[in-house]
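For reference, the chains in residue letters:
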Amino acid sequence: QVQLVESGGGLVQAGGSLRLSCAASGRTFSAYTVAWFRQAPGKERDFVSAIGGTGINPPYADSVKGRFAISRDNAKNTVYLQMSSLKPEDTAVYYCAARNGLAVVVAAFGYDYWGQGTQVTVSS
């Protein structure tokens, strides 16, 4: 069982930056792939990025490519999402999710564990 806790959300002006953190419980964190998804009001939950145990070549949604960066610190059981050049359309609840295995998948149904979400609001 893995428990995930997101933090770092908040209100920021367009063009600003935020860093989200996803802290995980469990002793084999490095064996898990962790992803970030986001859900805006009235919309579906969308893939943002994901990172496998090695952290090599993480995929990104086209809408965030070049602005967001995902990373992980296995010693701290934490995955980060550095968000820069934020836009109002980035406003959403951001969720981290984990799956046991090194395969990186972009579909929400591929993840077994979810955090409670953290709100990110970008004002224009």
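Because the structure is a prediction, the values reported are computed rather than measured.

Caption draft 1: Fine view of the state of the cysteines. Here the structure, examined in full by the defined rule, presents one disulfide. Each disulfide pairs two cysteine sulfurs, and for C22 the partner residue is C96, the sulfurs being separated by 2.1 Å. Judged by the sign of its S-S torsion, about 60°, the bond between C22 and C96 is right-handed. Here C96 lies in strand β8 (residues 92-100) and C22 lies in strand β3 (residues 18-24), a separation of 74 residues in the sequence. Residue classification places C22 among the buried positions, given a relative accessible area of 1%. Classification of C96 by relative accessible area gives buried; the value is 0%.

Caption draft 2: Highlighting the pattern of salt bridges. For the structure shown, the criterion picks out three salt bridges. Its salt-bridge partner being D62, residue K65 comes within 3.1 Å of it at the nearest N-O pair. Of the two residues examined, K65 and D62, each falls in the exposed class. Here D90 makes a salt bridge to R67, at a shortest N to O gap of 2.7 Å. Here D90, found in the loop between β7 (78-83) and β8, pairs with R67, found in the loop between β5 (45-51) and β6 (68-73); they are 23 residues apart in sequence, far enough to count as distant.

Calculation criteria
- The numbers attached to residues start from 1 for each chain and follow its sequence in the written order.
- Whole-chain, interface and lining totals are the exception, using all residues; otherwise, since this is a predicted model, local features are given only for residues with pLDDT of at least 70 and side-chain atom pairs are given and counted only at 80 or more.
- To get the side-chain values, take all heavy atoms of the structure and skip hydrogens and water.
- Here, the term disulfide refers to a pair of cysteine sulfur atoms separated by no more than 2.5 Å.
- Secondary structure elements follow DSSP: runs of H or I of four or more residues count as helices, runs of E of two or more count as strands, with numbering from the N terminus.
- Think of it in three bands: residues with accessible area under 20% of the maximum for their type are buried, residues over 50% are exposed, and the middle band is partly exposed, with areas taken using a 1.4 Å probe on protein chains only.
- Any Lys or Arg side-chain nitrogen found within 4 Å of a carboxyl oxygen on Asp or Glu counts as a salt bridge.

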